[in-house]
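# Architecture and fold: a report
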Amino acid sequence: MNIDQHNRKVGERETSNSLETGIFWIKRKANIYQEPRKGHFERFKAKLLIHQGGERYEHVFLRFFSKILLILLMLALTFSCGKNKKTKALDATDLVYDYDFSGIDLFFKIADSLLNDIAVDDRTWDALFETEGYRALKNNDGIRNNIILTFKPSYGQKLDSLIPVANYWWKRDLNHLIDVKKNLTKLKVYREQLDIQKVLKNGSAMAKAYIPQELDTIMTLPPIRFVVFSPDARVMGGKIMFDLHFLMQLDDEAEISKLAGHEFHHYYLGFMEGREKGLDSEHPLYPLYRPIRQLQIEGVADLINKKDYIQTAPPDELWYQAYYQSNGKIKFMNDRLEELAKNEGSLAVYGQAIFNNFPINCHPNGFYMGELIEKELRKPAVVATLKSHSIF
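Being a predicted model, the structure only gives us computed values, none of them experimental.

### So, the overall build of the protein chain
Looking only at helices and strands, the protein chain features 21 helices and six strands. A burial count over the protein chain gives 51% of its 392 residues as buried. Across the protein chain, the fraction of contacts at a sequence separation of at least 24, relative to all contacts at a separation of at least 6, is 75%. For the protein chain, the accessible area works out to roughly 18700 Å², and carbon and sulfur atoms hold 50% of it.

### Let's talk about a nonpolar patch on the surface
Judged by side-chain polarity, Tyr 168, Trp 169 and Leu 318 come together as a nonpolar surface patch covering roughly 270 Å² of accessible area. Within the secondary structure layout, Tyr 168 lies in helix α10 (residues 168-182).

### Remarks on helix α18 (residues 326-342)
Over its 17 residues, α18 extends 25 Å from the first C-alpha to the last, a length consistent with the 24 Å expected when each residue adds 1.5 Å. A large share of α18 lies buried, amounting to twelve of its 17 residues. Those residues of α18 lying buried are Ser 326, Asn 327, Lys 329, Ile 330, Lys 331, Met 333, Asn 334, Arg 336, Leu 337, Glu 338, Leu 340 and Ala 341.

### Some remarks on the sheet that holds strand β6 (residues 239-243)
What holds strands together in a sheet is hydrogen bonding between their backbones, with the strands either parallel or antiparallel. One open sheet holds the four strands; their spatial order is β3-β4-β6-β5, and the pairing between them is mixed. The strands lining the two open edges of the sheet, one partner per strand, are β3 (99-100) and β5 (233-236). Bridging between β3 and strand β4 (residues 224-227) involves two bridges; their strand directions are parallel. The residue bridging Tyr 99 from the neighbouring strand is Ile 224, located in β4.

### Some points on the packing of helix α12 (residues 196-208) against helix α14 (residues 253-268)
The contact between α12 and α14 brings their axes to 7 Å, and the two run at 55°. Classed by the angle they form, the pair α12 and α14 counts as oblique. Handedness of the crossing formed by α12 with α14: right-handed. In this structure, α12 contributes Lys 198, Val 199, Leu 200, Asn 202, Gly 203, Ser 204, Met 206, Ala 207 and Lys 208 to the contact, and α14 contributes Glu 253, Ala 254, Ile 256, Ser 257, Lys 258, Ala 260, Gly 261, Phe 264, His 265 and Tyr 268. For the contact of α12 with α14, the per-class residue count stands at nine nonpolar, six polar and four charged.

### Thoughts on the side chain of Lys 306
Checked against the element boundaries, Lys 306 lands in the loop between α15 (286-305) and α16 (309-312). Buried charge without a salt bridge: Lys 306, with Asp 302 as the nearest opposite-charge side chain at an N-O distance of 5.7 Å. Setting aside chain neighbours within four positions, we find Lys 306 in contact with Trp 319 and Phe 367.

### Comments concerning helix α8 (residues 140-151)
With twelve residues, α8 extends 16 Å from end C-alpha to end C-alpha; this agrees with the ideal 16 Å at 1.5 Å per step. Taken together, the buried positions of α8 are occupied by Ile 143, Asn 146, Ile 147, Ile 148, Leu 149, Thr 150 and Phe 151. Those residues of α8 that are buried lie in contact with α5 (102-115), α6 (122-130), α7 (132-137), α9 (156-162), α10 and α11 (184-193).

### Some points on the side chain of Gln 294
Inspection of the secondary structure assignment puts Gln 294 in helix α15. For Gln 294, a relative accessible area of 7% gives the class buried. Within polar-contact distance, the side chain of Gln 294 engages the side chain of Arg 293 at 2.5 Å. Contact partners of Gln 294, with chain neighbours within four places excluded, come to Gly 299, Phe 355, Asn 361 and Cys 362.

### Things to note about the packing of aromatic side chains
Tallied over the full model, the rule gives 18 aromatic pairs. Within the aromatic cluster, the residues linked to one another by ring pairs are Tyr 309, Trp 319, Tyr 320, Tyr 323, Tyr 324, Phe 367 and Tyr 368. One Lys or Arg, Arg 336, reaches over the ring of Phe 332 and ends 4.4 Å from the middle of that ring.

### Digging into the pattern of salt bridges
Summed over the entire model, instances satisfying the criterion amount to 18 salt bridges. Measuring nitrogen to oxygen at the nearest pair gives 3.1 Å for the salt bridge that ties Asp 112 to Lys 188. Within this pair, whereas Asp 112 is found in helix α5, its partner Lys 188 is found in helix α11, the two being separated by 76 residues in sequence. Where Lys 375 meets Glu 376, a salt bridge forms, and the shortest distance between an N and an O atom there is 3.3 Å. What makes Lys 375 partly exposed here is its relative accessible area of 29%. According to the relative accessible area criterion, Glu 376 is partly exposed, its value standing at 25%. Beyond isolated ion pairs, a larger network of salt bridges with shared partners links Arg 172, Asp 173, Asp 232 and Arg 234.

### A closer look at the packing of α8 against α10
The N-to-C vectors of α8 and α10 enclose an angle of 50°; their axes lie 9 Å apart at closest approach. The angle between α8 and α10 falls in the class oblique. Handedness of the crossing formed by α8 with α10: right-handed. Touching Asn 146, Ile 147, Leu 149, Thr 150 and Phe 151 of α8 are Trp 170, Asp 173, Leu 174, Leu 177, Ile 178, Val 180 and Lys 181, all from α10. Residue composition of the contact of α8 with α10, grouped by class: eight nonpolar, two polar and two charged.

### Considering the pairing of β5
If a strand is regular, its side chains alternate between the two faces of the sheet. As judged from the four bridges shared by β5 and β6, these two strands associate in the antiparallel manner. For Val 235, the partnering residue across the bridge sits in β6 and is Ile 240. The hairpin formed by β5 and β6 contains two residues between the paired strands, and Gly 237 there has a positive phi angle of roughly 60°.

### What about the environment of Tyr 350?
Mapping Tyr 350 onto the fold places it in helix α19 (residues 347-357). Taking the C-alpha atoms as reference, Tyr 350 lies 9.0 Å from Glu 339; in sequence the two are eleven residues apart.

Conventions used here
- Residues numbered from 1 in each chain as written.
- Predicted model: local features only at pLDDT ≥ 70, side-chain atom pairs only at ≥ 80, totals over all residues.
- Heavy atoms only, no water.
- Helix = DSSP H or I, 4+ residues; strand = E, 2+ residues; numbered from the N terminus.
- Buried < 20%, exposed > 50% of the residue type's maximum accessible area, 1.4 Å probe, protein only.
- Contact = heavy atoms within 4.5 Å.
- Areas by Shrake-Rupley, 256 points an atom, 1.4 Å probe, with all protein chains shown as cover.
- Patch = residues over 30% accessible without salt bridge, like charges linked within 9 Å, V, L, I, M, F, W, Y side chains within 5 Å.
- Salt bridge = Lys/Arg side-chain N within 4 Å of Asp/Glu carboxyl O.
- Expected span 1.5 Å × (residues − 1).
- Pairing = 2+ DSSP bridges.
- Axes fitted to C-alpha atoms, helices over the stretch in contact; angles between N-to-C directions.
- Parallel < 35°, antiparallel > 145°, perpendicular 65-115°, else oblique.
- Left-handed = near helix turned anticlockwise from the far one by under 90°.
- Nonpolar A, V, L, I, M, F, W, Y, C, P; charged D, E, K, R; others polar.
- Lys, Arg positive; Asp, Glu negative; His and termini not counted.
- Polar contact = N/O pair within 3.5 Å; in protein donor to acceptor, adjacent residues only side chain to side chain.
- Phe/Tyr/Trp six-rings, centres within 6.5 Å; stacked < 30°, edge-to-face > 60°.
- Lys NZ or Arg CZ within 6 Å of the ring centre and 35° of its normal.

Read these as layout, nothing more, since geometry by itself doesn't imply function.
So, in structure tokens, the structure goes:
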């Protein structure tokens, strides 16, 4: 399904074709939470145009996109720009492919013991969480409990009672580990056969298509660590963690390369000089900043690995549903910001409501926005947004 077909589908799903205009004022909030020596913010007004449905939605969205640039005038006074690591031009043959399976090998040892209903001592668990991949994930207790629940036969009844009441993320991880248990022998063979060098090389090339030209050659590839924890891959602690079973499930070298490209893109942005540093989680405006940040960083990276997925995803898949509801979800964000401007509401409450409105950590709706920008303004316009989340 192409963009035009998609927009027609959105139009059919929406109940209203009226043009909604959202006006919100930030000055009041900004003045309340200004930091010392930064002075008062200038009076700021952004008029957001959100058109519900119709084949012309993407053009109205672009008018909204052009107006959102004004937000940068306010955010520039709030956000600081960090000076990140400098790059050093190297020939591709000099790139260091740093990957490690030590976490996987210890996981296999623990899994074999638990499958025989043998308790694993604390020393062995500690060794697992001291491997670089698991240490970077920083979720020792959660991962340990999930592995025990799913692999130890004596916990079967407890597991059956927990899955129906688990939230989306926990249920996803438990079902993933149940599938790992069923395919453990196959996964051990896959660990020996994976041509990781080729996957990393292809993924790096895909990521570079969506980064500024000055970052075309990176000092080194990120450290790659293979683990089993969730159907996911993450950049944390200066490393990329890939769940090995997740890669095996993709069962396609091209798809694995795209996933690697997505994660490499996150990693490479850390080398960009002058990129908007953003707010830490303790800042009063962070709840509102968080969804804006996630829409951009995941939306751009998803252009690497989700274009084919959205064409084949089943209609009942949450990713699919959220993608096709993007215009309504963007309008929801606009309406909440307007309410916040009129009422002295809680930034945390409104920010959380906006974030929850964009499921799966903002991936589907960020991808939708990035796809529209790339379609209308081409890839260089997408790359130009990377220094500031608000520009996106």
